[in-house]
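Overview (structure and organization)
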Amino acid sequence: MILKVWGARLGFFLALVASASGLGNLWRFPYVVAENGGGGFVILYIFLVLIVGLPLLIGELLVGRLTGKSILSSLSFFKEGKRTRHLGNLSILVCLLVLGYFSVISSWVLFFFFKYAIALFTSQNFVSQSAITQLMEQGWLQMLLTALHITLLFAVVGKELEDGLEKFVGYLMPLFAVILCMLVWRSLSLSTAEEAMRYLFYPNFSDLNWSSLSSALGQVLFTLSLGFTTMVTFGSLLPKDTDVPKAGVGIASIDSVLSILAGMLIFPLLLGGTNREPDPLMLFQAVPEFINQLPGGNVYGFLFFLFLYLVAFGASISLLETVVSNFSENHRLSRVRASFISGTMCFLLSLIPVLATSYLSHIKIRSSNLLVVWDHLLVNWLMPLIALMIALWICYGIPNEIKEAEFKKNDTFKDDSMFKHWIFMMMWAVPIITILAIILNIVGILQ
Ligand code: PHE
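What you are looking at is a predicted structure, and each value in this text was computed from that prediction instead of being measured.

**Describing the nonpolar core**
Counting 157 residues, the largest nonpolar core has L265, F284, F304 and L308 as the members making the most contacts within it. No other element matches helix α5 (residues 81-122), which puts 21 residues into this core. Ignoring any residue separated from it by four or fewer positions in sequence, one finds F304 in contact with L26, F176, I179, L180, L183, L265, L283, V287 and I291.

Structure follows, in structure tokens:
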């Protein structure tokens, strides 16, 4: 019995970790660190994980566990329900927008996985740079792979297989961490490692710019899946005896370690290569080139992109699941229908990043391509706004006694101080930092 309960809890915990980690850590984190000058940004990022990410994560999970429902039904669970409905709709819209763009990056991972699978089974090496060029020049290929990714998602969510799949991906996470550590170890033996570690960990705050605060905030929200209310949906599925604050600390710590490992893998490679410019393609440029030089490179490449695809798939499932469960709970649609409609909308939205990186890649706004602009609009502007609204709703829309009882239900932090710290962060730290980030972002644009 104990084993069963622990097994269920461990399964949920790992599924949560798998949903939170993935492309945000490996693909996005190194690229935003490079955009914002290295070590100073990393310190800012970790600080924001502690004072904004962790409180919000605990908040979203608690709401879900309290109501047992996804966001729309959770909102109407409380008195203010009707007025706050827009908040729920907005967060679902963000899930769809982000899933559209996340699916395109997942399709790149899928492409590299296929390339390595072919290379492994035909014992040939492939030239990673020409693979990227092929992918970027052939927008139809990206569309095809994105459609494949979304169809797989539709099949899993429509058939309600997501619980099992998320747990399966969760159990694979430790293996992925092992592969990642092996690659980091190899990368740290390069001659550029020392310079890269200085770049990554030496806090040079003078390299920060006006939009660094919102970049760090957006990255925290994106990587911990906050503001999408996917964590509310997850919370609703948590076993009632889960210690939510403790689970929150565990997820935020594992996620941050993964991001740091990704930085330790990529920066020694970048400093050794020719392209040092921050670029959303960084992961796909640096890692395969490095892997191809290792003995047994095809095996590493195959496993790395297989696991990366699986975690990207797990994260995509949690995004689609949030949209579908809200649609079917509130619009009386069958799951299959709700999944089909959401999948189609998501595919249409994915055309924006596909076109931005292929046929429209020559268009630039302030020297950034449209993918970067779209990414920053969603992650650095829209998500902080939604996170702010969710924090305010949790603070003022849910009576304090209810929150307190839920917070202390079966937690290790039974004393009052933890609950008080949490409420303080939600009431003050989250709103002040979000508003400041948006103001600084505006100043940066006007400069
Ligand atoms: N947190 C995920 C990542 O880092 C992305 C994600 C966002 C997943 C929102 C679910 C919901 O890759």
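Further notes follow.
**Focus: helix α2 (residues 23-35)**
Helix length check: α2, at 13 residues, gives a terminal C-alpha distance of 17 Å against a target of 18 Å (1.5 Å per residue), a fit within 8%. F29 marks the point of greatest bend in α2, at about 35 degrees, and the proline P30 comes within the next four residues. Among the residues of α2, those classed as buried are L23, G24, N25, L26, W27, R28, F29, P30, Y31, V32, V33 and A34. Of the residues flanking the end of α2, it is G37, one or two places downstream, whose phi is positive at about 85 degrees.

**Notes on the packing of α2 against helix α3 (residues 39-67)**
Contact geometry for α2 and α3: axes closest at 8 Å, N-to-C directions at 125 degrees. Between α2 and α3, the interaxial angle falls into the category oblique. Where α2 crosses over α3, the two elements pack in a sense that is right-handed. Contacts between α2 and α3 involve F29, V32 and V33 from the first element and F41, V42 and Y45 from the second.

**As for a nonpolar patch on the surface**
Residues W140, L144, L355, Y359, L360 and I363 make up a contiguous nonpolar surface patch of roughly 540 Å² in combined accessible area. Along the chain, I363 turns up in the loop between α15 (335-357) and β1 (364-365).

**Some thoughts on the site of the ligand**
The full set close to the ligand counts 16 residues, and A20, G24, F222, T223 and S225 are the nearest of them. In the environment of the ligand, a nitrogen atom lies 2.7 Å from a nitrogen or oxygen atom belonging to the backbone of A20. A distance of 2.9 Å separates a nitrogen atom of the ligand from a polar side-chain atom of S225. When the ligand is considered free in solution it has 320 Å² of accessible area, and contact with the protein chains removes 100% of it. Listing elements by their share of the shell around the ligand, those giving two or more residues are α1 (2-20), α2, α10 (212-223) and α14 (297-330). In terms of residue class, the shell around the ligand is made up of seven nonpolar, nine polar and no charged.

**Remarks on the confidence of the model for the chain**
When pLDDT is averaged across the chain, the result is 87; 95% of the residues are at 70 or more. Per-element confidence in the chain is highest for α10, whose mean pLDDT is 96, and lowest for α1, whose mean pLDDT is 67. Overall, residues 1-6 carries pLDDT values under 50, and its contacts beyond four positions in sequence, including any with other chains, amount to one contact.

**With respect to the packing of aromatic side chains**
Both the distance between ring centres and the angle between the ring planes are used here to describe each pair of aromatic rings. Throughout the structure, instances matching the rule amount to 22 aromatic pairs. Seen from their ring centres, F176 and F304 are 6.1 Å apart, and the 50 degrees between their planes marks the pair as tilted. Linking F176 in helix α8 (residues 162-187) with F304 in helix α14, this pair joins segments that are 128 residues apart in sequence. Note on F176: relative accessible area 3%, which makes it buried. An angle of 65 degrees between the planes, with centres 5.5 Å apart, marks the rings of F407 and F419 as edge-to-face. Of this pair, F407 sits in helix α17 (residues 400-408) while F419 sits in helix α18 (residues 416-446), and the two are 12 residues apart along the sequence. A relative accessible area of 3% places F407 in the buried class. Here R28 stacks its cationic end above the ring of F222, 5.6 Å away from the centre of that ring.

**Topic: the environment of A20**
One can find A20 in helix α1. Through-space distance from the C-alpha of A20 to that of R366 is 31 Å; in sequence the pair is 346 residues apart. Residue contacts for A20: discarding those within four places in its chain leaves N25, T223, S225, M231, I251 and D255.

Conventions we followed
- Residues numbered from 1 in each chain as written.
- Predicted model: local features only at pLDDT ≥ 70, side-chain atom pairs only at ≥ 80, totals over all residues.
- Heavy atoms only, no water.
- Core = buried A, V, L, I, M, F, W, Y, C linked by side-chain atoms within 4.5 Å.
- Buried < 20%, exposed > 50% of the residue type's maximum accessible area, 1.4 Å probe, protein only.
- Helix = DSSP H or I, 4+ residues; strand = E, 2+ residues; numbered from the N terminus.
- Contact = heavy atoms within 4.5 Å.
- Expected span 1.5 Å × (residues − 1).
- Bend = angle between axes of the 7 residues up to and from the residue.
- Axes fitted to C-alpha atoms, helices over the stretch in contact; angles between N-to-C directions.
- Parallel < 35°, antiparallel > 145°, perpendicular 65-115°, else oblique.
- Left-handed = near helix turned anticlockwise from the far one by under 90°.
- Patch = residues over 30% accessible without salt bridge, like charges linked within 9 Å, V, L, I, M, F, W, Y side chains within 5 Å.
- Areas by Shrake-Rupley, 256 points an atom, 1.4 Å probe, with all protein chains shown as cover.
- Salt bridge = Lys/Arg side-chain N within 4 Å of Asp/Glu carboxyl O.
- Near = heavy atom within 4 Å.
- Polar contact = N/O pair within 3.5 Å; in protein donor to acceptor, adjacent residues only side chain to side chain.
- Nonpolar A, V, L, I, M, F, W, Y, C, P; charged D, E, K, R; others polar.
- pLDDT = per-residue confidence, 0-100.
- Phe/Tyr/Trp six-rings, centres within 6.5 Å; stacked < 30°, edge-to-face > 60°.
- Lys NZ or Arg CZ within 6 Å of the ring centre and 35° of its normal.

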